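The primary structure of each chain is shown beneath.
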Amino acid sequence: MEPNPQDIPIDPKLSVTLPKLKVLFADSSDVVIHPFRVDRSLDGLLVYVENLSDMERLERGVLQPLRGLTREEVLTEGFLEANLPIGKVQAVTKQKEAVMSILSGNPVLFVDGLPYALTLGLASWNQRSIEQSSGENVVRGSQESFVETLATNLSILRRRLRTPNLKTPTVTTGLLAETSLAIAYLQHTATPELVDEVMRRLQAIRFDSLLESGMVEELIQDNPYSPFPQLLSTERPDVVTAHLLEGRVAIFTEGTPFVLIAPGNFFSFMQSPEDYDNAWKGTVSRLIRYLFLIIALLMPAAYVAIVTFHQEMIPTSLLLTIANTREQIPFPVLVEALLMEIMFEALREAGLRLPKQVGSAVSIVGALVIGQAAISAGLVSPPMVMVVAITGIASFMVPHYAMSIPLRMLRFPIMIISGILGLVGFVLAFAVVIIHMLSLTSFGLPYFSLQRTAELEDTLLRTRLNRVQNRTFLSGRLEKHQSMFEKNRSSNNAGKKENGR
């Protein structure tokens, strides 16, 4: 085998294979190359990665049974696959397949005289236990999240969607180090065109190695230069399940707990799993989120524009208060707003980077101390501190962190344009943002897409479950289904008719 194994057949002579393996895995202290005798006249070779394979099962299920076999039995085609007491034994004929199996934790068995190798499904390694989601907390609902192991994540999803229509094909990509990807979708629910497009984009990736799902997202999204996220990222199994039932496709990446959901639209970033605990609570929460989304994006810019150019819009008493607090401030309103916003972003970033035990305390105490000190020093006015504080709280109300990032980024250019041109610049900047969002697509689906008017009931508002009459398929197909209440009602009516007869 060469240092970069190609798709060439495995040599049946062990004397040829062994030296090539030693060259390929030279200076790899964790790779074990173990020659042994199957029979007195037959050599075997077992290759595995230490701490990535189940050594107890390897000894009990492979090495011990091989010692009791004869040469003729071992060299019989298909005998080992049928008689080794292991759940998964697969024959591979290509050198690259054997090497990838070894590096994935599955030991590979070579036997002198066999033109193929056997990969043994004995991968086993330490992994993080299933824990509560750290970035998508809920008061009521599922408390589990995905982990860094692809197989475990797929099993979590399979436990929630117990249907043979759940399909999970895999893709391997990476020029230098291969990474396993898997897509999950519901057959007859997701459109074949969407599934084919997702597979095509994943197979077209040409990159040395994919370390995180964010790299996959950047490489397959429609508009890579847009600040707005076009694929939903989540680590919650219930969120993935809900979107699969709507006809979307989930993309799993080995080594990360975050799953991508395609296509994404604007409304999916504004919904929380808790919305479905109670119809009234979900409706009120969604309306508040949309309100504070606008505040997080536009409030500092509106304050700068009005105080700088349009003082006549402010009530007289409030205007006198603002003028009195700004009397000793040496900076214009725009510079004052930029200083406070930059300081707030610095405190937020510092709170994320510090250890959890002190991060929240530093961000809260730092904001209080710096804000009070800036007011006492005459650098900023109290109304400006209030505006920045309300804006910061509003940005925290967005359920998905990926959507809050463009709000924080776009706040600065909108504020600068408003400070130069007033409300005219404010309206123009906001119009540019809206036009850009309207032009976005995710896998061909418009960013603000709704397949039909009835979906508005479960977008801006949270409709009651017994009023849902159609499944929401992205293809736009309608499929009638009765709710539990309607089924009970119809069965009761049928029973009454029978009794009446």
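Residues numbered from 1 in each chain as written. Predicted model: local features only at pLDDT ≥ 70, side-chain atom pairs only at ≥ 80, totals over all residues. Heavy atoms only, no water.

Caption draft 1: Structural detail: the overall build of the chain. Counting its regular elements, the chain contains 17 helices and 13 strands. Counting across all 501 residues of the chain, residues that qualify as buried make up 44%. At a minimum sequence separation of 6, the contacts of the chain that also span at least 24 residues come to 65%. Within the structure as shown, the chain displays about 26300 Å² of accessible surface, and the carbon and sulfur contribution to it stands at 59%. (Helix = DSSP H or I, 4+ residues; strand = E, 2+ residues; numbered from the N terminus. Buried < 20%, exposed > 50% of the residue type's maximum accessible area, 1.4 Å probe, protein only. Contact = heavy atoms within 4.5 Å. Areas by Shrake-Rupley, 256 points an atom, 1.4 Å probe, with all protein chains shown as cover.)

Caption draft 2: Representation of the pattern of salt bridges. One pass over the full model with this rule turns up 18 salt bridges. R200 is paired through a salt bridge with E197; the nearest N and O atoms lie 2.7 Å apart. Linking R200 with E197, this pair stays in helix α7 (residues 192–203), spanning three residues, or about one helical turn. A relative accessible area of 23% means that E197 is categorised as partly exposed. (Salt bridge = Lys/Arg side-chain N within 4 Å of Asp/Glu carboxyl O.)

Caption draft 3: View of the nonpolar core. Among the nonpolar cores identified, the biggest contains 60 residues, and V240, L244, F252, F266 and I414 are the most heavily contacted of them. With nine residues, helix α10 (residues 279–309) is the single largest residue contributor to this core. Those residues within four positions of I414 in sequence are excluded, and the remaining contacts are L297, L298, A301, F426, A429 and V433. Among the nonpolar cores identified, the runner-up in size contains 23 residues, and L80, L84, Y116 and L120 belong to it. (Core = buried A, V, L, I, M, F, W, Y, C linked by side-chain atoms within 4.5 Å.)

Caption draft 4: The arrangement of helix α8 (residues 213–220) in detail. Here α8 has its buried residues at S213, V216, E217 and I220. The arc enclosing the buried residues of α8, seen along the axis, measures out at 100°, which places them on a common side. In this structure, the buried side of α8 is in contact with β8 (179–186), α7, β10 (249–253) and β11 (259–262). (Arc of directions from axis to C-beta.)

Caption draft 5: Representation of the environment of V111 within the structure. Looking at the secondary structure, you find V111 in strand β4 (residues 108–111). The residues touching V111, leaving out its near neighbours within four places in the chain, are P12, L42, D43, G44, V74, L75 and L80.

Caption draft 6: Here's a closer look at the sheet that holds β4. Pairing in this open sheet of five strands is antiparallel, and the strands run β1-β2-β4-β5-β3 from one edge to the other. At either margin of the open sheet sits one strand with a lone partner, and together these are β1 (31–39) and β3 (89–92). For this sheet the average axis-to-axis angle between neighbouring strands, irrespective of direction, equals 25°. Bridge count between strand β2 (residues 42–49) and β4: four bridges; the pairing is antiparallel. (Pairing = 2+ DSSP bridges. Axes fitted to C-alpha atoms, helices over the stretch in contact; angles between N-to-C directions.)

Caption draft 7: Focus on unusual backbone geometry. In this chain, A262 is followed by P263 through a cis amide linkage whose omega measures -10°. Its place among the elements puts P263 in the loop between β11 and α10. For D27, which is not a glycine, the phi torsion comes out positive at approximately 65°. With respect to the secondary-structure elements, D27 resides in the loop between α1 (14–24) and β1. We note that N51 has phi near 70°; this positive angle belongs to a residue other than glycine. Within the secondary structure, N51 is located in the loop between β2 and α2 (55–67).

Caption draft 8: View of the packing of helix α12 (residues 333–353) against helix α14 (residues 382–395). Running from amino to carboxyl end, α12 crosses α14 at an angle of 40°, the nearest separation of the two axes being 10 Å. Taken together, the axes of α12 and α14 are oblique relative to one another. Crossing angle aside, the handedness with which α12 passes α14 is right-handed. The residues of α14 that touch α12, namely those facing V333, E336, A337, M340, E341, F344 and R348, are M384, V385, V388, T391, G392 and S395. In the contact of α12 with α14, the residues fall into seven nonpolar, three polar and three charged. (Parallel < 35°, antiparallel > 145°, perpendicular 65-115°, else oblique. Left-handed = near helix turned anticlockwise from the far one by under 90°. Nonpolar A, V, L, I, M, F, W, Y, C, P; charged D, E, K, R; others polar.)

Caption draft 9: Structural context of the packing of aromatic side chains. Enumeration over the complete set of coordinates arrives at six aromatic pairs. Measuring from centroid to centroid gives 5.7 Å for F266 and F267, while their planes differ by 75°, and the two rings are edge-to-face. Considered together, F266 and F267 belong to a single accessibility category, that of buried residues. Ring centres 6.0 Å apart and planes at 80° place the aromatic pair F267 and F448 in the edge-to-face group. With a gap of 181 residues between them, F267 in the loop between β11 and α10 and F448 in the loop between β13 (445–446) and α17 (484–500) connect regions that are remote in the sequence. Here F267 falls in the buried class, since its relative accessible area comes to 12%. By way of ring pairs, the aromatic residues F266, F267, Y290, Y447 and F448 are connected into one cluster. Positioned above the aromatic ring of F443 is the side chain of R201, whose terminal nitrogen or guanidinium carbon lies 4.1 Å from the ring centre. (Phe/Tyr/Trp six-rings, centres within 6.5 Å; stacked < 30°, edge-to-face > 60°. Lys NZ or Arg CZ within 6 Å of the ring centre and 35° of its normal.)

Caption draft 10: Up close: the side chain of E144. Looking at the element boundaries, E144 is found in the loop between β5 (117–120) and α6 (150–160). For E144, a relative accessible area of 15% corresponds to the buried category. Non-local contacts of E144, meaning those with residues more than four positions away in its chain, are made with I130, E131, I156, R159, R160, R236 and P237.

Caption draft 11: Structural context of the side chain of E345. Position of E345 relative to the elements: it lies in helix α12. For E345, a relative accessible area of 12% translates into the label buried. A distance of 3.0 Å separates the side chain of E345 from the side chain of R348, its partner in a polar contact. (Polar contact = N/O pair within 3.5 Å; in protein donor to acceptor, adjacent residues only side chain to side chain.)

Caption draft 12: Main features of the pairing of β4. The alternating pattern of β4 places V108 and F110 on one face and L109 and V111 on the opposite face, and all of these are buried. Here β4 pairs with β5 via two bridges, running antiparallel. Pairing of V108 across the sheet is with T119, part of β5. The antiparallel pairing of β4 with β5 creates a hairpin that spans five residues between the two strands, and G113 there sits at a positive phi of about 105°.

Caption draft 13: Representation of the packing of helix α15 (residues 401–421) against helix α16 (residues 423–439). One way to put it is that α15 packs onto α16 with a least axis distance of 6 Å and a crossing angle of 150°. Considering the angle they form, α15 stands roughly antiparallel to α16. The two elements α15 and α16 meet at a crossing, and its hand is right-handed. For the pair α15 and α16, the contacting residues are L410, I414, I417, S418 and L421 in the first and L423, V424, G425, F426, A429 and V433 in the second. A class-by-class count of the residues in the contact of α15 with α16 yields nine nonpolar, two polar and no charged.

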